[in-house]
Amino acid sequence: DTAVSQTPKYLVTQMGNDKSIKCEQNLGHDTMYWYKQDSKKFLKIMFSYNNKELIINETVPNRFSPKSPDKAHLNLHINSLELGDSAVYFCASSPTPQGVAFFGQGTRLTVV
Amino acid sequence: TQLLEQSPQFLSIQEGENLTVYCNSSSVFSSLQWYRQEPGEGPVLLVTVVTGGEVKKLKRLTFQFGDARKDSSLHITAAQPGDTGLYLCAWTGNQFYFGTGTSLTVIP
């Protein structure tokens, strides 16, 4: 079984559309994250969610919103997609905010 | 300003060569982690270093945490094509913060 799974793996969409990326972890972890990896391969934290507490990176546009229906899921919803949103988005989880991070395989988002 | 600066940014070497990757900061950390990310995959943890001056070995990989806990290095002996990937150091505060990354290519 995949520990952290994301869907879809690839997503191509037009500017202005709204899209969601799903993430599920079966590790029983309390903390989940979303990261954006740009073309320069820098992994930038977007959100972390721990025990219903959401920590938002202040540089993330409010078009991005995480949604957690339960502890095992943290989905990423993006409104009004822009060209600059094209990147690989990674979901991760860890047992605690200071523990080891386990990553999904990533979702390559291309906005055209 | 990046909290964790890695150098070099890119490295291309021949199989069998040795190399060292650096992770530097002006801040003191309680611990640092090293991850490797292969193409098309997410990062995977290699090691966590906790004590200043600590040295950990993982087969041909040697990790060192600086005495002042502000920097760390990763040395690979006799690099192999399977070592190709993006190497990332990371700090965990209330979130995971990753370094700027070193992209390594080992040419057969």
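*Asks:* Whenever I open this one, the overall build of chain A confuses me. Can you help?
*Replies:* Of the regular secondary structure elements, chain A holds zero helices and 11 strands. For chain A, the succession of helices and strands along the chain, N to C, is β-β-β-β-β-β-β-β-β-β-β. Over its C-alpha trace chain A gives a radius of gyration of 13 Å, about what one expects of a compact globule, namely 13 Å for 112 residues. Buried positions account for 46% of the 112 residues belonging to chain A. Here the analysis covers contacts within chain A between residues at least 6 apart in sequence; of these, 56% occur between residues at least 24 apart. When the accessible surface of chain A is split by element, carbon and sulfur atoms take 50% of a total near 5,700 Å². Of the side-chain charges in chain A, 12 are positive and 10 negative, and the distance between the mean point of each set is 6 Å.

*Asks:* In this structure, what is going on with the nonpolar core? I would like to understand it.
*Replies:* Side chains that are nonpolar tend, in soluble globular proteins, to be buried together. Leu19(B), Leu32(B), Trp34(B), Phe63(B), Leu74(B), Ile76(B) and Leu104(B) are the most contacted members of the largest nonpolar core, which totals 21 residues. Among the secondary structure elements, those contributing two or more residues to this core are strand 3 (19-24), strand 4 (32-37), strand 5 (44-49), strand 7 (61-65), strand 8 (71-76), strand 9 (85-92) and strand 11 (102-107) of chain B. Sequence-distant contacts of Leu32(B), defined by excluding residues within four places in its chain, comprise Leu4(B), Cys23(B), Val47(B), Thr48(B), Val49(B), Phe65(B), Asp71(B), Ser72(B), Ala90(B) and Trp91(B). Of all hydrophobic cores here, the second largest spans 19 residues; its members include Val4(A), Phe47(A), Ile78(A) and Tyr89(A).

*Asks:* Honestly, the state of the cysteines in this entry has me stumped. Any pointers?
*Replies:* A disulfide bridge is the covalent bond that connects two cysteines by way of their sulfur atoms. All told, the structure shown has two disulfides over all chains when counted by the stated rule. Sulfur-sulfur distance for the disulfide between Cys23(A) and Cys91(A) comes to 1.8 Å. Around the S-S axis, the bridge from Cys23(A) to Cys91(A) shows a dihedral of about -75° and counts as left-handed. Of this pair, Cys23(A) sits in strand 3 (residues 19-25) while Cys91(A) sits in strand 9 (residues 87-94); the two residues are 68 residues apart in sequence, bridging distant segments of the chain. Exposure remark for Cys23(A): the relative accessible area of 1% places this residue in the buried category. On the basis of relative accessible area, Cys91(A) is assigned to the buried category, the value being 0%. In this model, Cys23(B) is linked to Cys89(B) through a disulfide, with the two sulfur atoms separated by 2.1 Å.

*Asks:* Looking at this structure, I do not really get the interface of chain B and chain A. What am I missing?
*Replies:* Accessible area lost upon the coming together of the parts serves often as the stated size of an interface. If you look at the interface, chain B gives 20 residues, while chain A gives 20 residues. Summed over both sides, the interface of chain B with chain A buries roughly 1,700 Å², with 55% coming from carbon and sulfur. The three residues of chain B that bury the most area against chain A are Gln95(B), Phe96(B) and Phe98(B), which together make up 34% of that side's buried surface. At the junction of chain B with chain A, the criterion picks out zero salt bridges. Partitioning the side of chain B that touches chain A into residue classes produces eight nonpolar, 11 polar and one charged.

*Asks:* Would you explain the sheet that holds strand 1 (residues 5-7) of chain B in this entry?
*Replies:* By definition, the strands of a sheet pair up through backbone hydrogen bonds, in either a parallel or an antiparallel sense. All names here are of chain B. Strand order in the open sheet made by the five strands is 1-3-8-7-6, with antiparallel pairing throughout. Because the sheet does not close on itself, it has two edges, and the strands there are strand 1 and strand 6 (55-58). Adjacent strand axes in the sheet meet at a mean angle of 15°, parallel and antiparallel pairs treated alike. Where strand 7 lies against strand 8, five bridges are found, and the strand directions are antiparallel. Among the inter-strand pairings, Phe63 is bridged to a residue of strand 8, identified as Leu74.

*Asks:* What am I meant to see in the pattern of salt bridges here?
*Replies:* Opposite charge on two side chains lets them pair, provided their charged atoms get close. All names here are of chain A. Tallying each qualifying case throughout the model produces six salt bridges over all chains. Here Glu82 and Arg63 are joined by a salt bridge, their closest N and O atoms 3.4 Å apart. Here the residue Glu82 occupies a position in the loop between strand 8 (73-78) and strand 9, and Arg63 occupies one in the loop between strand 6 (53-56) and strand 7 (64-70), the gap between them amounting to 19 residues. By relative accessible area, Glu82 is classed as partly exposed at 40%. Of the residues examined, Arg63 reaches a relative accessible area of 14% and is grouped as buried. For Arg63, the salt bridge goes to Asp85, with nearest N and O atoms at 2.8 Å. Taken as a pair, Arg63 in the loop between strand 6 and strand 7 and Asp85 in the loop between strand 8 and strand 9 lie far apart in primary sequence, 22 residues in all. One exposure class covers both Arg63 and Asp85, and it is buried. One network of salt bridges, in which partners are shared, links Arg63, Glu82 and Asp85.

Definitions and cut-offs
- Residues numbered from 1 in each chain as written.
- Chains lettered and ligands numbered in written order.
- Predicted model: local features only at pLDDT ≥ 70, side-chain atom pairs only at ≥ 80, totals over all residues.
- Heavy atoms only, no water.
- Helix = DSSP H or I, 4+ residues; strand = E, 2+ residues; numbered from the N terminus.
- Rg over C-alpha atoms; globule rule 2.2 N^0.38 Å.
- Buried < 20%, exposed > 50% of the residue type's maximum accessible area, 1.4 Å probe, protein only.
- Contact = heavy atoms within 4.5 Å.
- Areas by Shrake-Rupley, 256 points an atom, 1.4 Å probe, with all protein chains shown as cover.
- Lys, Arg positive; Asp, Glu negative; His and termini not counted.
- Charge placed at Lys NZ, Arg CZ, Asp CG, Glu CD.
- Core = buried A, V, L, I, M, F, W, Y, C linked by side-chain atoms within 4.5 Å.
- Disulfide = S-S within 2.5 Å.
- Buried area = accessible area lost by both parts, 1.4 Å probe.
- Salt bridge = Lys/Arg side-chain N within 4 Å of Asp/Glu carboxyl O.
- Nonpolar A, V, L, I, M, F, W, Y, C, P; charged D, E, K, R; others polar.
- Pairing = 2+ DSSP bridges.
- Axes fitted to C-alpha atoms, helices over the stretch in contact; angles between N-to-C directions.

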